Amino acid sequence: VSSKGVKVPWDAAKARTRAAAAPCLRGRTFYITKTTSPDADKLKVIIGKAGGATVETLPTVAPRSPLVVVCTDRDRRELQCLQGMRNVSELRDAELLAYLLQQKYG
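Okay, so let's go over this structure. Just so it is clear, the structure is predicted and the values come from calculations on it, not from any experiment.

**Side note on the overall build of the protein**
Next up, step 1: In terms of helices and strands, the protein carries three helices and four strands.
Next up, step 2: Computed over C-alpha atoms, the radius of gyration of the protein comes to 14 Å, within 12% of the 13 Å expected from 2.2 N^0.38 for 106 residues, which places it in the range of a compact globule.
Next up, step 3: Structurally, the protein occupies a C-alpha span of about 40 × 30 × 25 Å along its principal axes.
Next up, step 4: Counting only residues that meet the buried cut, the protein has 37% of its 106 residues in that class.
Next up, step 5: Of the contacts formed within the protein by residues at least 6 apart in sequence, a portion of 60% connects residues at least 24 apart.
Next up, step 6: Here the protein holds 18 positive side-chain charges and 10 negative ones, and the gap between their average locations is 7 Å.

**Some remarks on the environment of arginine 86**
Next up, step 1: Looking at the element boundaries, arginine 86 is found in the loop between strand S3 (67–71) and strand S4 (88–92).
Next up, step 2: Taking the relative accessible area as the measure of exposure, arginine 86 reaches 59% and is therefore exposed.
Next up, step 3: Residues arginine 86 and proline 66 lie 20 residues apart in sequence; the distance between their C-alpha atoms is 8.1 Å.
Next up, step 4: Not counting residues up to four positions away in its chain, the partners in contact with arginine 86 are Ala62 and Pro63.

**A few points about the side chain of threonine 33**
Next up, step 1: Tracing the backbone shows threonine 33 in the loop between strand S1 (29–32) and helix H2 (40–49).
Next up, step 2: Within polar-contact distance, the side chain of threonine 33 engages the side chain of aspartate 75 at 2.7 Å.
Next up, step 3: Excluding residues that lie within four positions of it along the chain, threonine 33 makes contacts with Ala40, Val69, Val70, Cys71, Thr72, Asp75, Glu78 and Leu79.

Reading the values: the criteria
Residues numbered from 1 in each chain as written. Predicted model: local features only at pLDDT ≥ 70, side-chain atom pairs only at ≥ 80, totals over all residues. Heavy atoms only, no water. Helix = DSSP H or I, 4+ residues; strand = E, 2+ residues; numbered from the N terminus. Rg over C-alpha atoms; globule rule 2.2 N^0.38 Å. Buried < 20%, exposed > 50% of the residue type's maximum accessible area, 1.4 Å probe, protein only. Contact = heavy atoms within 4.5 Å. Lys, Arg positive; Asp, Glu negative; His and termini not counted. Charge placed at Lys NZ, Arg CZ, Asp CG, Glu CD. Polar contact = N/O pair within 3.5 Å; in protein donor to acceptor, adjacent residues only side chain to side chain.

So, in structure tokens, the structure goes:
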């Protein structure tokens, strides 16, 4: 179940096939807030194993490449500076984990 209460279908065989074909986060960059669960250090390892990259700081201007901010609802105030910024999207920590379980992003 995602953080929005939506049931996420999961097929282990399909997930393994997708993982063998290509890392699901390959070519994507993430910033992880300090309120996530698992914590930021663990998510950095998980994201890296799935082919993604992480950055340590939030941008002050729109990044050239897309950036996904992994966060929780508690981060709303911190992330207000990103509203309307091109190439930046938010993703709840539970949703990221659901995508990784399926080995399918988006």
